[in-house]
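Examining the three-dimensional arrangement
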Amino acid sequence: MATLSDIGVAAAINILTAFAFFLAFAILRIQPVNDRVYFPKWYLKGLRSSPLASGAFVSKFVNLDFTSYARLLNWMPAALKMPEPELIDHAGLDYAVHLRIYLLGLKIFVPIAFLAFTIMVPVNWTNNTLEHSRLTYSDIDKLSISNIPAGSKRFWTHLVMAYAFTFWTCYVLKREYEIVAAMRLNFLALEQRRPDQFTVLVRNVPPDPDESVSELVEHFFLVNHPDHYLSHQVVYNANKPWELVNEKKKIQNWLNFYQNKYERNPSRRPSLKTGFLGLWGHSIDAIDFCTSKIERLSRDISAEREEVSNDPKSIMPAAFVSFKTLWGAAVCAQTQQSRNPTIWLTEWAPEPRDVYWENLAIPCVFLTIRRLIAAVAFFFLTFFFMIPITFVQSLANIEGIEKALPFLKAIIEVKFIKSFIQGFLPGIALKIFLLFLPTILMMMSKFEGFISISALERRSASRYYFFLFINVFLGSIITGTAFQQLNNFIHQSTDQLPKTIGVSIPMKGTFFITYVMVDGWAGVAGEILRLKPLIIYHLQNFFLVKTEKDREEAMDPGAIGFNTGEPQIQLYFLLGLVYAVVTPILLPFIIVFFGLAYIVYRHQFINVYNQEYESAAAFWPDVHLRIIVALIVSQLLLMGLLSTKDAAQSTLLLITLPVLTLWFHRFCKGRYEPAFVRYPLQEAMMKDTLERAREPNLNLKGFLQNAYIHPVFQTTDDVDVDTAMEEWEEEPALIATKRTSRRATPLPSKQSVSLFSLPEFEEECLKP
């Protein structure tokens, strides 16, 4: 078990590590050669030019302005200087609301920590229960509830504090939910026009023997949304030609490189060798080789496009349907379209850059099976991950192992090594074991068939949080308690085991302190240093970058991973709420994390991360729910803990807290969550009215024309473009149909062979 000196060693190591990272970042960021690494967002927006383009040779790589080194920490106030409305315009609402999660942590835990240290810590400290017990403990554990004797009236203090902490947390959550919901509605009302505002994704289009999917979709919406339907685009399974398109892009990039090289030295045409990696073989003209290969790939892509367009099996029973008004799209997306609720399923279309095209090719009938397989795989992944968790906990509880296995004592008794192992190694070992987990969970989410990147990330985040809760939190407590009190488990009767576990749970706070310092302090400082992107950028820039496009791709930082960052933040909420009553010494470490992370990520959102999509803070209900879950878990664990301390009266009074918390969650779900899952028709009508007033002659069909075309069909290099890329035509007065049964469709299809007018249709319907 980590002692006070062990925690001191760990704190010193992590503080020095964080300081070193901050110092290295402050120096590296002002070097001209690193400008694209630490300010890529401004380059991608076209608002910053490279300092390497001008000045003396040395000053292009090294900052010779020594006065700038005296302002190394100026980035911190600069990160806080940008007001929130400007931050939303610059980085997007998703990033602005993501920062509010850190502020939410500060709002919750700063007052809780003040109450805990002024009231509860003195109550816990002024006892000597642990000194007279046979348990393995440290000085830090004297600050926890474990130091209160069984049946003591002092537990009423913890009961009152549990109520105070719950009410304060719920109050802050309600205020924040209200603010974020208002921010989302204001953002949607004021933001610029986007294709997804007018577009609905329709799935499970029923098969029809007389018409194609495109004709059937057109008929259905002309009938059921005649005043608002504008156009549609069917979904193709174009995953096969997508590989050829990517290969063509790579060859085109090489061609640009060789052409630029030839322009700089016209006396010598560039060449390459045909052997492995261009290291040996016959030398050929590089420009001619790339040109001929691009021509061949263009022909193959054109043939594949033609095959996809003409093959009925490549057309999925789904379509992106666009409407003339936002109101019409809102009505369609939020209502049941058919008597049969399993067909004509509608939902808001993702933003075009948010669409995950590969999963659109998965039929809806297979989604349930895929999600069942993923759930089984996730269960086994969670179960078997207990093995590394057990190993990590064995590192954190050396004293317990020494008592049960005394022959190891001589090896690990050296003071500094022991402090290092117990205070630093468990946290870093756990972080290493969790390194590849987000990638595995994202692969599972893709297998499940979610059609947008935002949905993939939210699904992966939910599973990541559940994984952290089961393995990192509960697993660390259970296995850690087993190691920590190994000697007691071996020698005491089974009826005493629950009491031993109840006393030991608060004492696991020391392990989580080391984890918070490694992941929350040094980890956040390492985030701003961006050491890995820095090394990769310079390696790519030196060996692989051939064109300016290559350089942009090399410096592009991408977006922050919501599927990894948000669950880790939620783990800190869980730890803070659980240990606020039982081991409040953990709270200052969590508060430092939230404050540090807010400054660091504000800087990163302003200068580094480029938004991959905009969901208008659609993830906030998940954030709220996970904090509610953490609050209920803290209440249940406190009830179980007090039951082992002979405080039955306190336990009975605590039963009210989970009930009140669940009622509060239902209230917030009914009051604020609709703003995140439905779009008010009143807001839609207001926005449509403003749009018509601002641009009465807007060509909305032209604006939406190619928004949801598969990327394979968006490359217009080839001469022959298939039907998916043809311009939308105005609907004729008479629309053709191929249907043999016309009773369900008053308006025929514009793609028909025969024409059928409305009066004739009415006569047909009146026939017996």
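Every chain is numbered independently, its residues counted from 1 as its sequence is written. Under the rules for a predicted model, residues below a pLDDT of 70 receive no local features and side-chain atom pairs below 80 are neither given nor counted, while totals for whole chains, interfaces and linings still include all residues. Side-chain figures throughout are based on the complete set of non-hydrogen atoms in the structure, without hydrogens or water.

Right, let's get into the overall build of the chain. Counting from the N terminus, the helices are the DSSP runs of H or I reaching at least four residues and the strands are the DSSP runs of E reaching at least two. Of regular secondary structure, the chain possesses 33 helices and eight strands. Buried, partly exposed and exposed residues are distinguished by accessible area as a fraction of the type maximum, computed with a 1.4 Å probe on protein chains only: under 20%, between the cut-offs, and over 50%, respectively. Within the span of the chain, comprising 768 residues, buried residues form 52% of the whole. Whether two residues are in contact is decided by their heavy atoms: any pair within 4.5 Å suffices. Looking at the chain alone, contacts between residues at least 24 apart form 79% of all its contacts between residues at least 6 apart. Working definition of accessibility: Shrake-Rupley area with a 1.4 Å probe, residue cover restricted to the visible protein chains. For the chain, the accessible surface area stands at approximately 36,100 Å², while carbon and sulfur atoms represent 63% of it.

Another point: the sheet that holds strand β5 (residues 315-323). The strand order across the open sheet formed by four strands is β2-β5-β1-β6, and the pairing between neighbours is antiparallel. Each edge of the open sheet is held by one strand with a lone partner, namely β2 (229-236) and β6 (345-348). Taken pair by pair, the neighbouring strands of this sheet meet at an average axis angle of 25 degrees, ignoring direction. Direction of pairing for strand β1 (residues 199-203) relative to β6: antiparallel, over a ladder of four bridges. Each bridged residue has a counterpart across the sheet, and for V202 the counterpart in β6 is T346. At least two DSSP bridges between two strands are needed for those strands to be called paired. Note on method: axes are straight lines fitted to C-alpha atoms, helices fitted across the in-contact stretch only, with angles between N-to-C directions ranging 0 to 180 degrees.

Looking now at the environment of N237. Here N237 shows up in the loop between β2 and α9 (239-264). Overall, N237 belongs to the partly exposed group, its relative accessible area being 30%. It is 6.3 Å that separates the C-alpha atoms of N237 and I315, two residues lying 78 residues apart in sequence. Setting aside anything within four residues of it in sequence, one finds N237 in contact with V308, S314, M316 and A361.

Residues with a pLDDT of 70 or more make up 79% of the chain, whose mean pLDDT is 80. Confidence, expressed as mean pLDDT per element, reaches its minimum in the chain at strand β8 (residues 754-755) with 33 and its maximum at helix α29 (residues 656-671) with 95. A residue's pLDDT is the predictor's confidence in that residue, given on a scale from 0 to 100.

Let us now look at the nonpolar core. Core analysis: the largest hydrophobic core is formed by 141 residues, its most contacted members being F473 and W620. Among the elements that line this core, the one with the most residues is helix α6 (residues 93-125), at 16 residues. Beyond its immediate stretch of four places on either side in the chain, W620 contacts V97, I101, L104, E176, Y177, V180 and F676. Definition used in this section: a nonpolar core is a set of buried Ala, Val, Leu, Ile, Met, Phe, Trp, Tyr and Cys residues joined via side-chain atoms within 4.5 Å. Residues Y258, L272, C290 and I709 belong to the second largest nonpolar core, which totals 20 residues.

In terms of residue burial, β2 counts as a mostly covered element, since eight of its eight residues are buried. When β2 meets β5, the two strands line up antiparallel, connected through six bridges. Bridged to Y236 within β5 is I315.

Moving on, we get to a nonpolar patch on the surface. Note that patches include only residues with greater than 30% relative accessible area and no salt bridge, and the join distances are 9 Å for like charges and 5 Å for nonpolar side chains (Val, Leu, Ile, Met, Phe, Trp, Tyr). Just to be clear on terms, a salt bridge is a Lys or Arg side-chain nitrogen sitting within 4 Å of an Asp or Glu carboxyl oxygen. Residues L372, V376, F379, F380, F383, F384 and I387 make up a contiguous nonpolar surface patch of about 770 Å² in total accessible area. Element by element, the count of residues in the nonpolar patch is highest for helix α12 (residues 367-384), at six residues. Mapped onto the fold, F383 is located in helix α12.

Put simply, the grid is 1 Å and covers the protein atoms alone, a cavity is a trapped set of points that fit a 1.4 Å probe, a pocket is an open set with protein on both sides within 12 Å along at least five of seven lines, and lining residues have an atom within 4 Å of a point. Grid points are joined across faces, edges and corners, and a volume is the space filled by probe spheres set on the points. Going through the model one piece at a time under the given rule, you end up with 10 cavities of 30 Å³ or more. Its volume calculated, the largest cavity comes out at about 170 Å³. Together, 14 residues line the largest cavity, and D94, Y95, E457, F562 and Y613 are the ones closest to its centre. Breaking the lining of the largest cavity down by element, the ones donating at least two residues are α6 and α19 (453-484). Class assignment for the residues of the lining of the largest cavity results in six nonpolar, four polar and four charged. Its volume calculated, the second largest cavity comes out at about 110 Å³. Taken together, 13 residues form the lining of the second largest cavity, with A162, T166, L577, V581 and S634 sitting closest to its centre. Breaking the lining of the second largest cavity down by element, the ones donating at least two residues are α7 (155-190), α25 (562-582) and α27 (620-643). For the lining of the second largest cavity, a count of residues per class yields 10 nonpolar, three polar and no charged. Under the convention adopted here, Pro, Cys and the residues Ala, Val, Leu, Ile, Met, Phe, Trp and Tyr are nonpolar, Asp, Glu, Lys and Arg are charged, and Gly plus all remaining residues are polar.

Turning next to the pairing of β1. Burial analysis of β1 places five of its five residues in the buried class, which makes it a mostly covered element. Covered by surrounding structure in β1 are T199, L201 and R203 together with V200 and V202, the residues of both alternating faces. Pairing geometry for β1 and β5, over five bridges, is antiparallel. Across the sheet, residue V202 finds its bridge partner in β5, namely A319.

A few words now on the layout of surface pockets. Its volume calculated, the second largest pocket comes out at about 1,200 Å³. Lining the second largest pocket are 43 residues, with E347, W348, R458, A618 and F676 sitting closest to its centre. Counting residues per element, the ones that place at least two in the lining of the second largest pocket are α7, α11 (326-333), β6, α12, α19, α27, α29 and α30 (674-677). Here the lining of the second largest pocket takes five residues from α19, the largest share from any one element. Among the residues making up the lining of the second largest pocket, the classes are represented as 18 nonpolar, eight polar and 17 charged.

To pair, rings of Phe, Tyr and Trp, with the six-membered ring standing in for Trp, must have centres within 6.5 Å; the planes then decide the type, stacked if under 30 degrees apart, edge-to-face if over 60, and tilted in the middle. Inspection of every chain in the model, using the stated rule, returns 37 aromatic pairs. Each ring, one from Y163 and one from F167, has its centre 6.0 Å from the other, and the planes form 70 degrees; the classification is edge-to-face. With a gap of four residues between them, Y163 and F167 both fall in helix α7, about one helical turn apart. Two conditions define a charge sitting above a ring: the NZ of Lys or the CZ of Arg must be within 6 Å of the ring centre, and it must be within 35 degrees of the ring normal. Lying across the ring of F39, R48 places its NZ or CZ 4.1 Å from the centre. Between the NZ or CZ atom of R463 and the centre of the ring of F378, over which it lies, the distance is 5.3 Å.

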